Amino acid sequence: MGSRKPRLTLSVQAAVKSHALPARAQWRKWAQAALEEDAEVTLRIVDTAEGRRLNAQFRGKDYATNVLTFTYGEPALPGAALCGDIVLCAPVVEAEAAEQSKPLEAHYAHLVVHAMLHLQGYDHETDDEAHAMEARESALVMQLGYPDPYTPVAAMPDTTAPKAA
């Protein structure tokens, strides 16, 4: 591939109405940040009912989860783009961000980066895989200007408190 930046074809489908959804340009920026090879991706933002149905159908788990990633095999031809889908469940993502006291935008950015890495073969089934994937996620999310998603909010410095003399 040389020094050419990987190409991303991204389709965004908002199947849920939410005033808190990021702009299309944000989704693209986050996905592109984690892109290591050409990819054609559909990113779908869903409600709890669709998220639960998809998680039950494809993972056998009867609840809505924050993000699902579907990869459609290896590219058919050398140089062909990787293809996959990312499904984000907006109500779950919003609830998690609130429970974890994280900015919603930062949580969405992390989940898009996480899903894009999954599409490209990263996983977290073993401790070694989890450490490698989390380190890559943290680096990418921080490059995007957000806090490390794996640092507990309580451990982050409080920049709003007055400094002690």
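Scroll up to find the structure this text is about.
Computed from a predicted structure; not experimentally measured. (Residues numbered from 1 in each chain as written. Predicted model: local features only at pLDDT ≥ 70, side-chain atom pairs only at ≥ 80, totals over all residues. Heavy atoms only, no water.)

**A word on the sheet that holds strand β1 (residues 8-14)**
Read across the open sheet, the 4 strands follow the order β1-β2-β4-β3; overall the sheet is mixed. Only two strands of the sheet have a single neighbouring strand rather than two, namely β1 and β3 (67-71). Between one strand axis and the next, the sheet turns by 15 degrees as a mean value, whatever way the strands run. Packed on one face of the sheet, helix α3 (residues 90-99) meets β2 (39-46) and β4 (82-89) and runs near 65 degrees to β4. (Pairing = 2+ DSSP bridges. Helix = DSSP H or I, 4+ residues; strand = E, 2+ residues; numbered from the N terminus. Axes fitted to C-alpha atoms, helices over the stretch in contact; angles between N-to-C directions. Contact = heavy atoms within 4.5 Å.)

**Observations concerning the packing of aromatic side chains**
One pass over the full model with this rule turns up 4 aromatic pairs. Centroid distance W27 to W30: 5.6 Å. Interplanar angle 85 degrees. Geometry classified as edge-to-face. Residue W27 and its partner W30 are located together in helix α1 (residues 24-33), separated by 3 residues, close to a single helical turn. Look at W30 and you get buried, because its relative accessible area is 0%. Each ring, one from F58 and one from F70, has its centre 5.0 Å from the other, and the planes form 70 degrees; the classification is edge-to-face. With F58 in helix α2 (residues 48-59) and F70 in strand β3, this residue pair connects regions lying 12 residues apart in the sequence. Judged by its relative accessible area of 49%, F58 falls in the partly exposed class. Members of the aromatic cluster, each reached through a chain of ring pairs, are W27, W30, Y108 and Y146. (Phe/Tyr/Trp six-rings, centres within 6.5 Å; stacked < 30°, edge-to-face > 60°. Buried < 20%, exposed > 50% of the residue type's maximum accessible area, 1.4 Å probe, protein only.)

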